[in-house]
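Fold and geometry: a report
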Amino acid sequence: MSDEMWGTDRLDLTAYLERIGTAEPSGPSRAALEEIYDAHLRTFTFDNIDVLLEQHPGVDLAEVQEKFVGRGRGGYCFEHGTLLAAALEQLGYAVERRLARVGADPTAAGRTHLVVVVDLDGQRLLADPGFGLSVWRPISLVDGAVDQVGGITHRVRWTEHGWALERAKGDGWERMHTHDEALVVPSDVAIGHHFTSTHPSVHFRHRLIVTKLLADRHISLTHDTVTIRREGEETEHREIGLEEAMAYVDELEVPLTDDERTRLRERLENL
C-alpha cells in the first residue's frame, strides 16, 4: 500500500545509489541502512536555496529525484525524507513517513518536518536526513535511547505529544522536534512544504541555511555566520561576509547554475 501511495517505483534506484556512491545491498540490514544513510548525508546538502530563489520545484518524488539525483542538489526535510524513504522501500525496508513539530514546545508549532521510521526485524529506527544537524545514523525509537556519533549525543523520549528527539547541550537536553504516529499521505507533505516555502513568517524565507557532513567536519552556513564542528575539538562559530558565504557554498559543492549563483548573491545582499 505504501509503495502504491507514494509511487516508490518511479525512483531510479540505480542512479540514486550511484549518486551517493554505494552498492546495492543484498537485502535489508542495519549495517546497510547505516551505510546508505551516511552516504546520503555526505552527498546532499541540507539547504533552502530554492526557497530563497523562489524557484522550488516541489516535493513529489519525480521532482525530488530530478533535483537531487539528476543535478546533485540538496534541499530540506520534505525532499530528503521523500527520497530516502523511496530508496529504502525499493530495497525492501518497511518504512513509515511521519510529520514532526519543530522546537521545544510542540503545542506552538505545526507539523512541518518530515522524518522516516524504519521497521527492521521488529525494531523501529528513526532516520532524520533533513534537519541540518540531526542524528548521523538511525537511532532506536525506544524511550530513553541514547546514541553518540561524531561527538554529538542524541536521545529519544516518549512524551504526551509523541516521540521527542533531543540533542545534548551543556548540562541538559535541547528538544529538536516531536513527531506523532498519525497517518501521513502525500498531500500532507505537499501542504507542509507549501507553508514552509511560502509563508512570510517562516525563517527559510529570510536567511540562508546550508549544512553538510564532510569527511572530517560538519559545516553549518548562514548568510552571515559559519559553524564548524569537528569531533574532539571546540566548535568554531563566527560571523562572515558575503564573499566568504559564497565561498562556502562552493566548498560544500552546491551545483548552482551561473544564473542561480548570480541571483543567490543578489538575494543574500538583501537579507
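As annotated in an unreviewed UniProt entry, the protein carries the name N-hydroxyarylamine O-acetyltransferase and is attributed to Nocardioides albus. For the record of the protein, the UniProt heading Sequence similarities (unreviewed entry) holds the text "Belongs to the arylamine N-acetyltransferase family."

1. Some words on the packing of helix α5 (residues 61–70) against helix α6 (residues 77–90)
One can describe the packing of α5 onto α6 by two numbers: an axis separation of 10 Å at closest approach and a directional angle of 95°. By the angle between their directions, the pair α5 and α6 is classed as roughly perpendicular. Residues Leu61, Val64, Lys67, Phe68 and Val69 of α5 lie in contact with α6, whose contacting residues are Glu79, His80, Thr82, Leu83 and Ala86. Looking at the contact of α5 with α6, its residues break down into six nonpolar, two polar and two charged.

2. Considerations on helix α8 (residues 242–251)
An α-helix turns once every 3.6 residues. As a result, residues three or four positions apart point the same way. Residues Ala245, Met246, Tyr248 and Val249 constitute the buried set of α8. All buried residues of α8 fall inside an arc of 155° around its axis, so they share one side. Phi turns positive one or two residues past the end of α8, at Glu253, with a value near 60°.

3. Some words on the environment of Arg101
Mapped onto the elements of the fold, Arg101 is located in strand β2 (residues 94–102). Non-local contacts of Arg101, meaning those with residues more than four positions away in its chain, are made with Pro106, Ala109, Gly110, Arg111, Met176, His177 and Thr178. A distance of 2.8 Å separates a polar atom in the side chain of Arg101 from the backbone oxygen of Ala109.

4. Some thoughts on the nonpolar core
Counting residues in each nonpolar core, the largest one holds 44 residues, and the members touching the most others are Tyr16, Leu83, Leu88 and Tyr93. Contributing elements (two or more residues each) for this core: α2 (13–20), α3 (30–43), α5, α6, β3 (111–120), β4 (123–127), β7 (152–159) and β8 (162–169). Those residues in contact with Tyr93 that sit more than four places away from it in its chain are Gly27, Pro28, Ser29, Ala32, Leu33, Leu88, Val118 and Leu120.

5. Here we look at the sheet that holds strand β1 (residues 46–47)
Ordered by their spatial adjacency, five strands build an open sheet running β1-β10-β11-β12-β13, and the pairing between neighbours is antiparallel. Looking at strand neighbours, the two that pair on one side only are β1 and β13 (236–239), the edges of this open sheet. By the bridge criterion, four bridges tie strand β12 (residues 225–229) to β13 in an arrangement that is antiparallel. Bridging across to β13, Thr225 finds its partner in Glu239. Along the sheet, α8 contacts β11 (218–221), β12 and β13; its crossing angle with β11, the most-contacted strand, is approximately 140°.

6. Section: the sheet that holds strand β6 (residues 146–149)
Here eight strands make up an open sheet; going across it, the order is β5-β4-β3-β2-β9-β8-β7-β6 and the pairing antiparallel. This sheet does not close on itself; its edge strands, each paired only once, are β5 (139–140) and β6. Relative to β7, β6 runs antiparallel, the two sharing four bridges. Along β7, the bridge assignment pairs Val149 with Ile152.

Rules used throughout
- Residues numbered from 1 in each chain as written.
- Predicted model: local features only at pLDDT ≥ 70, side-chain atom pairs only at ≥ 80, totals over all residues.
- Heavy atoms only, no water.
- UniProt positions renumbered as here; feature names shortened; annotations may be inferred.
- Axes fitted to C-alpha atoms, helices over the stretch in contact; angles between N-to-C directions.
- Helix = DSSP H or I, 4+ residues; strand = E, 2+ residues; numbered from the N terminus.
- Parallel < 35°, antiparallel > 145°, perpendicular 65-115°, else oblique.
- Contact = heavy atoms within 4.5 Å.
- Nonpolar A, V, L, I, M, F, W, Y, C, P; charged D, E, K, R; others polar.
- Buried < 20%, exposed > 50% of the residue type's maximum accessible area, 1.4 Å probe, protein only.
- Arc of directions from axis to C-beta.
- Polar contact = N/O pair within 3.5 Å; in protein donor to acceptor, adjacent residues only side chain to side chain.
- Core = buried A, V, L, I, M, F, W, Y, C linked by side-chain atoms within 4.5 Å.
- Pairing = 2+ DSSP bridges.

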